[in-house]
Amino acid sequence: MSTSSWGFDPVQVFERISEALAAVDEQWRYTYLNSQAYALLGRNAKDLIGKRVGTEFPDGIGQTVCQACERAVKSQAAVSLSILVPSRQRWLEYRIYPAGDGATIYFRDITEQKLANQTQQHEQQVLSRAQEIAHLGSWEWDIATDRVTWSDELYRIYGISPGEHEATFEGYLARVREDDRARVMGIIKQSLADHQPYEFEERIVHPDGVERTLFSRGVVHVDDGGQPIRMLGTCQDITDRKRAQQLAVGQHDILVGVAAQRALSESLERIARLHEELNPGALCSILLLDESGSYVLHGTAPSLPAAYNAALNGLTIGDKRGSCGTAAWRRERVVVADIATHPYWEEFKQLALAYGLLACWSTPIFGSGGQVLGTFAVYYREQREPQQEELESIDRMVPVAGVAIESARLVNRLRVRDSFFEMSLELFCIIDPATERLVQFNPFLQRLTGYSTEELASRSYRELFHTERGEPLFNEAGHSIHEFVSGCACRDGKECVLEWMSFAAPDGLVYAVARDITERRQMEASLVYASSHDAITGLPNHPLFEQELGKTLHDGAPPVSVFAIGLDRFRVVNESVGHLAADDVLKCLAVRLESVVKNLGHVARFAGDQFVIAVIGLDSVSTRVMAEKLRTVIAEPLEGENYRLLLTASVGISRFPDHGRTPEELLRRAEAAMIQAKREGRDQVAELTRAQMIELEDRVTLGSHLRDAVKRGELELYYQPQHRATDLALTGFEALLRWNSPRLGFLLPGRFIPIAEALGLMPEIGNWVLNTACQQMRMWLDQGHSNFIVAINVSAQQLKRSGLAERVKEALQRHAVPACMLEIEMTESSVMEDVTRARHTLASLKNLGTRLSLDDFGTGYSSLSYLRLFPLDKLKIDQSFVRHLPGESRDAAIARTIVMLAHQLDMEVAAEGVETEAQAMLLTEIGCDGLQGHYLSEALPFRAVESYFRARRIVGQSGVGSA
């Protein structure tokens, strides 16, 4: 579609419609789709235009849709159908309307509606008991005593307090709208008679006169003799939902009518009546502006007197010309709460008051080009100011009225155009290649170029049209059909772009048709710019910056410095001054940074609070100076409307070639340095050392391989035996994680667990550990082993994420492992990150029957207060206090204190990291209950645990060395 000679763009009109629309020709091939249709179908114009409808889905539904199109055209009536698209598991609803050259299709995704219907059916089955309906207002009627009990929520729904309500059945009926009472009473009486549940909608009236719509359900309880004794019910306020449904259905029907080219008067009347239905007491009037924009013309006003409407028709607009004339003139909403006294109505108030009209609010209706099309007015027969929801209701109807008006005008003008010159929005011409003259052309060419008919006919077409890169014009290369794009020179010096198709005729003439694609080319250029630049600051975005940076990096190139700038605590700015002011701050900072960099490099915006800069030719000292300048310029006060801010920034530096030779490496290391600057206190400059670079790359390498380690089966559990201190009897094992990476080798948890925590992988890895440990415990139980406990470690991320207890329960049940055989081990720091959540989670785990152990005790918070908060079974003395025993007296004192404290709190104590017999003897002497360490046994792979079981059973208590 192209822009008409009257200045309207049908694409813009239909693009404003929120529904998905498409047009197909007589072979059911798409000829036009609006953007909503492309988004719904998940395709672009290249994939759809010219293709048969329905072929966009690989499910064979195209034939069904085409048959529906045939029925619509044959019967000249609308056809509707709903189709399931299996490949997408979505339902689509098609509404097909016949058109002169094919059909118009309205379609929408009704999957949610289908699911909602299924959900509603399910709810109707399960809502047989009133107690199952939570968060709804509920009531109970004792029929014998006629005593009605209401819930607090029901009083709020009815807008009253208990003291204002007579708690009887008649008191309830008194609050039902009068014209609903008989129906409500009839339904309830029938329910009392047949003892069947009921449900209905009813309208009630608040004490302040506000009307609400309720959805009520009820059931009857009967005694042994079958007599009703009690009725239970619930009420839900569905006023807003009913209003939204009514608005959506009404607007949908109106827009369908607009698409089907119903008469404008019919569409406007539907709009007015819909608004009046949604806003009782409102009298809606839609006035149209004439073509000159000087007069108002009657559009519709179904509830206003005909004589009043006739009196308004033809009045000029202007300042103080009533609500509508003023709104159209000022291009803004005009609210008059009292017509009798307002100066805008001085000239017309007698006319309005004579018909009992006391208030009028008018809103201008704008077209797609910003021009005023008319006004949307609401009258009342009382003096009143609008409420916010009333203005919002008007604002929802005004755009629909604009679409209806603009669409009707467009259709009328297209019909007029077609009656004089068919398809005059395109250039049609006949060319004589021998003389290089235009033999004939339509008026479109004069309007496009600004030249007169005589000027065009006297010129060579080569003076007007030229191709890109010297390609041949029209059919100069001998082709019978030639498609090409050319420029077109206009009188005012501008140049348009035309898309041509030309046909060489046997008589030697060329017949050509062209359309103006100038706006499309401009839009494409705008889209290209938007795809590579930040929408707020106009700076290059990540891909463009990385591309430009790559051009400067090559052997022999001068040094390049990359600065990653992270605004400190910028989220607080969004929360305190709002997103609009925050955007203004970003624009200001972008200007400041560019003023520092000037023409020495490039500035880009990567993320919400991050800028990146590349500067060429700086040595290490100059780079540091530049970084400080950037940090300082950001720290300067920022002032705008209603805010004054002082920001700081953390700046990370990387330099080519010292920190990398590719854009990816430089950006990654600059960002890592920036994160380091934030970690070290913010508002400073940081640069990675070589050791930090190696560590960073190591973390990147480990992280890239660790992400799929669980799926690839690279993780393995080792089990370190745990022994009773007094007789060294085997009591269980601690499951310890290992990673067998094909590329990185055998890795201990100290190497990869911190990275897993940083990447947020611990919940996934923790679930694997839990299920694997339970599975292997089940295997040992099946082999006849018993009386052992397996401890698994859980991370802070697992504790903070909800559902840990449920996952433990599920794993235990799946593998039929008694809960008392599983010990959940955690560190001090992990439980202290969120004490409230930790208490809840540990209580849930304790209720399952699992044991709880606190690892590394004494190295974290060491707060005695939390020991009484958590239901712990065991404390584990950290190996840092065991390592220097028995020689270090202070460590011995700490260990002895932990043992005494734990025993006083009815907890067991275990020591880990026991490496020598002397350590084991001392720990046993001070009362430690359990020992774990290489002195007793190193961690064993799963396959070796069976042998350890057998060895301990054979040796019994004969000593460690023999085990």
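Residues numbered from 1 in each chain as written. Predicted model: local features only at pLDDT ≥ 70, side-chain atom pairs only at ≥ 80, totals over all residues. Heavy atoms only, no water.

Turning next to the overall build of the protein. Helix and strand counts for the protein come out as 35 helices and 38 strands. A compact globule built from 963 residues would reach a C-alpha radius of gyration of about 30 Å, whereas the protein, at 40 Å, exceeds it by more than 25%. In terms of its C-alpha atoms, the protein occupies a principal-axis envelope of roughly 115 × 100 × 60 Å. Residues classed as buried in the protein amount to 47% of the 963 residues present. The long-range share in the protein, meaning contacts at least 24 apart out of those at least 6 apart in sequence, stands at 55%. Surface summary for the protein: the accessible area is close to 47000 Å², and the carbon and sulfur share equals 51%. (Helix = DSSP H or I, 4+ residues; strand = E, 2+ residues; numbered from the N terminus. Rg over C-alpha atoms; globule rule 2.2 N^0.38 Å. Buried < 20%, exposed > 50% of the residue type's maximum accessible area, 1.4 Å probe, protein only. Contact = heavy atoms within 4.5 Å. Areas by Shrake-Rupley, 256 points an atom, 1.4 Å probe, with all protein chains shown as cover.)

As summarised here, the arrangement of the 6 strands in space is E17-E16-E21-E20-E19-E18, forming an open sheet in which the pairing is antiparallel. Pairing within the sheet leaves two strands with one partner each, and these edge strands are strand E17 (437–441) and strand E18 (465–467). For this sheet the average axis-to-axis angle between neighbouring strands, irrespective of direction, equals 40°. Taken together, the 9 bridges between strand E19 (residues 481–489) and strand E20 (residues 495–504) define a ladder with antiparallel strand orientation. From the neighbouring strand, His482 faces E20, where its bridge partner is Ser502. Across the sheet, helix H18 (residues 518–532) touches E19, E20 and strand E21 (510–516), and the angle it forms with E20 is around 125°. (Pairing = 2+ DSSP bridges. Axes fitted to C-alpha atoms, helices over the stretch in contact; angles between N-to-C directions.)

Counted by the stated rule, this structure contains 51 salt bridges. Salt-bridge contacts for Asp109 lead to Arg90; the nearest nitrogen and oxygen are separated by 3.2 Å. Placement of Asp109 in strand E5 (residues 102–109) and of Arg90 in strand E4 (residues 90–99) is noted, with a sequence separation of 19 residues between them. A salt bridge links Lys349 to Glu346; the nearest nitrogen and oxygen atoms lie 3.8 Å apart. (Salt bridge = Lys/Arg side-chain N within 4 Å of Asp/Glu carboxyl O.)

Where strand E1 (residues 20–24) meets E5, 5 bridges bridge the pair, whose relative direction is antiparallel. Opposite Ala20, over in E5, you have Phe107 as the bridge partner. Bridge count between E4 and E5: 8 bridges; the pairing is antiparallel. Residue pairing for E5: Arg95 is matched across the bridge by Tyr106. Following E4, the chain reverses through 2 residues before pairing antiparallel with E5.

A few words on helix H33 (residues 889–904). Relative to the 22 Å expected for 16 residues at 1.5 Å per residue, H33 spans 22 Å between its end C-alpha atoms, a close match to the ideal helical length. Every buried residue of H33 is listed here: Asp891, Ala892, Ala895, Ile898, Val899 and Ala902. Considered in projection along H33, the buried side chains sweep an arc of 125° and stay on one side of the axis. Exposed residues pointing more than 90 degrees away from the buried face of H33 are listed as Ser889, Arg890, Met900 and Gln904. On its buried face, H33 sits against strand E34 (851–857), strand E35 (874–877), helix H32 (879–882), strand E36 (908–912) and helix H34 (917–925). (Expected span 1.5 Å × (residues − 1). Arc of directions from axis to C-beta.)

It is at 8 Å that the axes of helix H28 (residues 804–814) and helix H30 (residues 835–848) come closest, and there the two elements cross at 20°. Taken together, H28 and H30 sit at an angle that is classed as roughly parallel. The handedness of the crossing between H28 and H30 comes out as right-handed. Contact residues: H28 offers Leu804, Ala805, Val808 and Lys809, while H30 offers Thr841, Ser844, Leu845 and Leu848. (Parallel < 35°, antiparallel > 145°, perpendicular 65-115°, else oblique. Left-handed = near helix turned anticlockwise from the far one by under 90°.)

Under the criterion given, the structure shown has 28 aromatic pairs. Relative to Phe949, the ring of Phe733 has its centre 5.3 Å away and its plane inclined at 70°; by these criteria the two rings are edge-to-face. Here Phe733, found in strand E30 (residues 730–741), pairs with Phe949, found in helix H35 (residues 942–955); they are 216 residues apart in sequence, far enough to count as distant. Judged by relative accessible area, Phe949 falls into the buried class, the value being 6%. Site record: aromatic cluster; members linked through ring pairs are Tyr719, Phe733, Trp780, Phe788, Phe942, Tyr948 and Phe949. The lysine or arginine in question, Lys114, covers the ring of Trp91, its NZ or CZ lying 4.2 Å from the ring centre. The ring of Tyr451 carries Arg459 above its face, with NZ or CZ at 4.6 Å from the centroid. (Phe/Tyr/Trp six-rings, centres within 6.5 Å; stacked < 30°, edge-to-face > 60°. Lys NZ or Arg CZ within 6 Å of the ring centre and 35° of its normal.)

Glancing now at the sheet that holds strand E7 (residues 147–150). Here we have 5 strands laid out as an open sheet, ordered E7-E6-E10-E9-E8, and antiparallel in their pairing. What marks the edges here is a single partner per strand, and that holds for E7 and strand E8 (198–205). For this sheet, the mean inter-axis angle between neighbouring strands, taken without regard to orientation, is 25°. Sheet analysis places strand E6 (residues 137–142) next to strand E10 (residues 228–237), joined by 6 bridges and oriented antiparallel. Paired with Ser138 across the two strands is Thr234, which belongs to E10. Along the sheet face, helix H8 (residues 178–194) touches E6, E8, strand E9 (211–222) and E10 and points at about 150° away from the line of E8. Those strands touched by helix H9 (residues 239–259) are E8, E9 and E10, and its axis lies near 120° from that of E9.

Moving on, we come to the UniProt feature "domain: PAS" (unreviewed entry) in the protein. Following the UniProt record, the feature "domain: PAS" (unreviewed entry) maps to residues 12–51 and 430–468 here. Secondary structure within residues 430–468 divides into 41% helix and 28% strand; the distance between the first and last C-alpha atoms comes to 22 Å. (UniProt positions renumbered as here; feature names shortened; annotations may be inferred.)

Once that is clear, we can look at a nonpolar patch on the surface. A cluster of nonpolar side chains, Ile481, Phe503 and Tyr511, forms an exposed patch at the surface whose accessible area comes to about 270 Å². Mapped onto the secondary structure, Phe503 falls in strand E20. On the basis of relative accessible area, Phe503 is assigned to the partly exposed category, the value being 36%. (Patch = residues over 30% accessible without salt bridge, like charges linked within 9 Å, V, L, I, M, F, W, Y side chains within 5 Å.)

Moving on: unusual backbone geometry. In terms of backbone geometry, most residues other than glycine have negative phi values and most peptide bonds are trans. Going from Phe656 to Pro657, the amide bond is cis rather than trans, its omega being 5°. Tracing the backbone through its elements, the reader meets Pro657 in the loop between strand E27 (649–656) and helix H23 (663–679). For the bond running from Leu885 to Pro886, omega is 0°, close enough to zero to count as cis. Note that Pro886 resides in the loop between H32 and H33. In the Ramachandran plot, Gln261 falls in the positive-phi region, its phi being about 65° despite a non-glycine side chain. If you trace the backbone, Gln261 turns up in the loop between H9 and helix H10 (264–278). At Ala816, a residue that is not glycine, the phi angle is positive and equals roughly 55°.

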